[in-house]
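One-letter residues, chain by chain:
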Amino acid sequence: MKQSKYPFFPENFLWGGAQASSQADGAYQEDNKGLNSSDVQPYLKGLSNDEIQKLETQGMRLEQVQTNAADKKGYYPKRFGIDFYHTYPEDLKLLAGMGFKTLRTSLDWSRIFPNGDDEEPNVSALKHYDKMLDCMLDLGIEPIITMNHYETPINITLKYGGWPNRKVIPMFEKFGKTLLDWFGNKVKYWIVVNQINMVQIEPFLSVGVCSDQYKNEEEALYQAVHNQMVAAAWIKQYATTLNNSDLHIGTMVADGTVYPASCKPDDVILAMRQNRLQYFFTDVQFRGYYPEYAKNYFAKRGDHLDIENDDLKLLKSNPMDFLAISYYYSKMVDASKNKYQPADTTKNPYLKENPWGWAVDPQGLYNTLSQYWDRYQKPIIIAENGIGMYDEIENNKIHDTYRSDYLSQHIEQVGRAIHDGAQVIAYCAWGPIDIVSCSSQQMSKRYGFIYVDKDDEGNGSGKRLLKDSYYWYKQVIASNGKQL
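In this text the structure is predicted, and so the values were computed from the model without any measurement.

What counts and what doesn't
Residues numbered from 1 in each chain as written. Predicted model: local features only at pLDDT ≥ 70, side-chain atom pairs only at ≥ 80, totals over all residues. Heavy atoms only, no water. Helix = DSSP H or I, 4+ residues; strand = E, 2+ residues; numbered from the N terminus. Buried < 20%, exposed > 50% of the residue type's maximum accessible area, 1.4 Å probe, protein only. Axes fitted to C-alpha atoms, helices over the stretch in contact; angles between N-to-C directions. Left-handed = near helix turned anticlockwise from the far one by under 90°. Contact = heavy atoms within 4.5 Å. Nonpolar A, V, L, I, M, F, W, Y, C, P; charged D, E, K, R; others polar. Phe/Tyr/Trp six-rings, centres within 6.5 Å; stacked < 30°, edge-to-face > 60°. Lys NZ or Arg CZ within 6 Å of the ring centre and 35° of its normal. Pairing = 2+ DSSP bridges. Salt bridge = Lys/Arg side-chain N within 4 Å of Asp/Glu carboxyl O. Expected span 1.5 Å × (residues − 1). Core = buried A, V, L, I, M, F, W, Y, C linked by side-chain atoms within 4.5 Å.

Peer 1: Before we move on, can you summarise unusual backbone geometry with the specific residues and values?
Peer 2: If a residue is not glycine, its phi is most likely negative; likewise, a peptide bond is most likely trans. Despite not being glycine, Asn396 shows a phi value in the positive range, around 65°. Along the chain, Asn396 turns up in the loop between β9 (380-385) and α15 (401-419). Given the relative accessible area of 56%, Asn396 is considered exposed. Positive phi, close to 65°, is recorded for Gln441, a residue that is not glycine. You can see Gln441 is positioned in the loop between β10 (424-430) and β11 (450-452).

Written as structure tokens, this is what we have:
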């Protein structure tokens with residue numbers, strides 16, 4: 001442990017972690033759950049990490065989704081997760097033992113409305129989540145709930161073509177209303193859509209669109225995002241009718257800001273324009289209108305979005321209350337190599353990477369928090385931050401100093417941003433208990449303070465083992481970020 005250079009966390013700061021039900025819960029055949037977008041992703045044995053990452057960005061073809069949804073023999077890791085659906089009482093006690101003040105998780109849309117277009121919610125699922133939330137609250141853990149964390153019911157993809165179809169908007173609004181009606185007295189912080197800008201990298205998971213469902217895929221993806229933002233604004237509007245001042249409705253992005261490769265004007269301008277394509281999502285949801293640079297981008301591409309006047313009024317009248325950010329790494333752009341389009345980036349030669357090619361850049365988190373705070377002055381939740389690594393067990397112990405070193409450096413930069421005025425209210429380390437990786441479907445890509453005895457093919461006892469980082473993070477929380 002070391003003394004932080006920036007020990008400026010407020011007394012009521014929410015220390016904790018984050019996960020997704022789609023990666024943790026399992027129990028995919030229980031309580032009438034339907035399949036969602038995460039449930040049809042198979043484990044691809046024998047591929048390198050680079051090959052897995054490339055497949056992630058390519059999305060999934062419709063025929064493949066249909067085949068996987070019907071497949072009863074293949075191994076689909078997220079259908080099983082770590083069995084958090086059954087083990088949550090014990091797992092939450094382990095998190096409380098670290099001193100957790102908060103846990104961010106999701107309530108699976110495909111469990112509550114198995115097909116997405118169901119007339120009535122699945123009450124057994126609602127009762128389950130009611131018990132889970134009660135357990136969290138009894139342990140002093142503040143829930144931060146994501147309404148949709150890559151859990152779009154697969155029926156919405158197959159029957160409606162995913163989120164580009166405006167018919168999906170009222171389906172999700174009904175889901176959001178159901179959550180607020182059932183749990184609004186227990187949950188203060190609601191993130192409507194996980195990483196709304198990741199549609200640029202994970203289109204299938206983000207908006208349930210197959211790569212061959214639309215002729216102009218990028219137009220369809222931005223239409224899907226528009227529809228998500230409209231649904232979020234409606235949910236915010238509904239929340240204001242409940243006369244509950246404790247309800248806070250927010251949006252979330254994965255940090256996509258980039259550095260220029262050099263001080264050459266072409267590099268600097270490309271970085272600025274690329275970053276605006278990331279700020280687009282939050283500009284609309286906080287400022288309430290489509291900025292001119294976005295309109296120009298769509299016009300140059302020939303994209304025509306179905307945006308109704310009522311949509312614009314709804315967005316203008318219902319800005320989000322807070323911003324949630326996931327941060328793992330940074331990237332840069334080089335005008336001689338990259339184009340003005342989302343996610344076209346270059347690796348930074350000055351940064352080291354983890355085994356999956358994610359560059360470690362603690363100061364990038366300070367940069368991101370500062371830029372977003374300066375732009376909007378909205379409360380910020382760090383909804384995800386962590387490093388995926390391979391862990392080895394030695395004499396029933398896991399000495400993961402690489403994890404505590406990574407988190408220590410990043411938490412220090414959070415304190416630095418707070419010292420400069422950013423109103424950061426929570427820090428959620430990603431995957432405090434090992435879960436199935438979102439991007440690779442691997443268990444071996446581990447983030448947690450708590451090890452789960454399970455391998456990439458689903459073998460193992462499922463037993464939990466506390467890593468060295470468990471005790472390190474417990475001290476961080478106890479010192480309120482002063483000791484790192």
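So much for the structure itself; the text now carries on.
Peer 1: So what's going on with the packing of helix α11 (residues 265-287) against helix α12 (residues 292-301)? Which residues, and what values?
Peer 2: Where α11 meets α12, the axes come as close as 10 Å, and the angle between the chain directions of the two elements is 115°. Judged by the sense of rotation from one axis to the other, the crossing of α11 with α12 is left-handed. Mapping the contact onto sequence places Arg276, Leu277, Tyr279, Phe280 and Asp283 in α11 and Tyr293, Ala294, Tyr297 and Phe298 in α12. Among the residues making up the contact of α11 with α12, the classes are represented as seven nonpolar, no polar and two charged.

Peer 1: Can you explain the packing of aromatic side chains? Please cite residues and give values.
Peer 2: What the rule picks out here adds up to 36 aromatic pairs. Seen from their ring centres, Tyr28 and Phe80 are 5.4 Å apart, and the 70° between their planes marks the pair as edge-to-face. Placement of the pair is Tyr28 in the loop between α1 (21-24) and α2 (49-58) and Phe80 in the loop between α3 (62-70) and α4 (84-97), with a sequence separation of 52 residues. Look at Tyr28 and you get buried, because its relative accessible area is 16%. In this structure Phe80 comes out as partly exposed when scored by relative accessible area, which is 35%. Taking 5.9 Å as the distance between ring centres and 70° as the angle between the ring planes, the aromatic pair formed by Tyr222 and Phe280 counts as edge-to-face. With a gap of 58 residues between them, Tyr222 in helix α10 (residues 217-240) and Phe280 in helix α11 connect regions that are remote in the sequence. The structure contains a cluster of three or more aromatic residues connected by ring pairs, namely Tyr222, Phe280, Phe281, Tyr290, Tyr297, Phe298 and Tyr340. The aromatic ring of Tyr85 is capped on one face by Arg111, whose charged end is 4.0 Å from the ring centroid. Between Arg273 and the ring centre of Tyr340, over which it is positioned, the NZ or CZ distance is 3.8 Å.

Peer 1: How would you explain the pairing of strand β2 (residues 102-106) if you had to name every residue and give the values?
Peer 2: Among the five residues that make up β2, five are buried, leaving the element largely enclosed by the rest of the structure. Here β2 shows a buried face lined by Thr102, Arg104 and Ser106 and a second buried face lined by Leu103 and Thr105. Where strand β1 (residues 14-18) meets β2, three bridges bridge the pair, whose relative direction is parallel. The residue bridging Ala18 from the neighbouring strand is Arg104, located in β2. Bridge count for β2 against strand β3 (residues 142-148) is five bridges, and the pairing is parallel. The residue of β3 that forms the bridge with Thr105 is Ile145.

Peer 1: Give a detailed account of the sheet that holds strand β4 (residues 189-193), specifying residues and quantitative values.
Peer 2: Spatial strand order, β1-β2-β3-β4-β5-β7-β9-β10: eight strands in a closed barrel with parallel pairing. Taken over all neighbouring pairs, the strand axes of this sheet differ in orientation by 25° on average, direction set aside. Alignment of strand β7 (residues 322-327) against β9, held across five bridges, turns out to be parallel. The residue of β9 that forms the bridge with Ile325 is Ile382. Seen against the sheet, α15 touches β1, β7, β9 and β10 and runs at an angle of roughly 170° to β10.

Peer 1: So what's going on with the pattern of salt bridges? Residues and values would help.
Peer 2: A full pass over the atoms with the stated rule returns 26 salt bridges. With its nearest N and O atoms 3.5 Å apart, the salt bridge here joins Lys45 to Glu457. Taken together, the residues span a long stretch of sequence, with Lys45 in the loop between α1 and α2 and Glu457 in the loop between β11 and β12 (464-466) at a distance of 412 residues. Lys45 gets classed as exposed once you look at its relative accessible area, which sits at 60%. A salt bridge links Asp303 to Arg301, with the nearest nitrogen and oxygen atoms 2.9 Å apart. Looking at Arg301, the relative accessible area reads 37%, which means it is partly exposed. Through salt bridges with shared partners, one network takes in Asp391, Asp400, Arg403, Asp434, Arg446 and Lys467.

Peer 1: Give a detailed account of helix α6 (residues 123-138), specifying residues and quantitative values.
Peer 2: Between its first and last C-alpha, α6 extends 22 Å over 16 residues, near the 22 Å set by a 1.5 Å rise per residue. Those residues of α6 not exposed but buried are Ala125, Leu126, His128, Tyr129, Asp130, Met132, Leu133, Cys135 and Met136. For α6, the elements touching its buried residues are α1, α4, β2, α5 (109-112), β3 and α8 (168-183). Directly beyond the C-terminal end of α6, a positive phi value near 80° is found at Gly140.

Peer 1: Any details on the environment of Pro121? Residues and values, ideally.
Peer 2: Positionally, Pro121 belongs in the loop between α5 and α6. For Pro121, a relative accessible area of 22% corresponds to the partly exposed category. With 238 residues separating them along the chain, Pro121 and Ala359 place their C-alpha atoms 42 Å apart. The contacts of Pro121, once residues within four sequence positions are left out, are Ile112, Phe113, Leu126 and Thr178.

Peer 1: Describe the pairing of β3, and please don't skip the residues or the numbers.
Peer 2: As a general feature of sheets, a regular strand has side chains that alternate between the two faces. Summarising burial for β3: seven of the seven residues are buried, a large majority. Strand direction decides the pairing type here: β3 and β4, joined by four bridges, are parallel. Along β4, the bridge assignment pairs Thr146 with Ile191.

Peer 1: Can you tell me about the nonpolar core, naming the residues and giving the values?
Peer 2: Among the nonpolar cores identified, the biggest contains 135 residues, and Trp190, Phe280, Tyr427 and Tyr473 are the most heavily contacted of them. Broken down by element, the residue count for this core peaks at 12 residues, all from α10. Membership of the second largest hydrophobic core comes to nine residues, among which are Val65, Ala69, Phe204 and Cys210.

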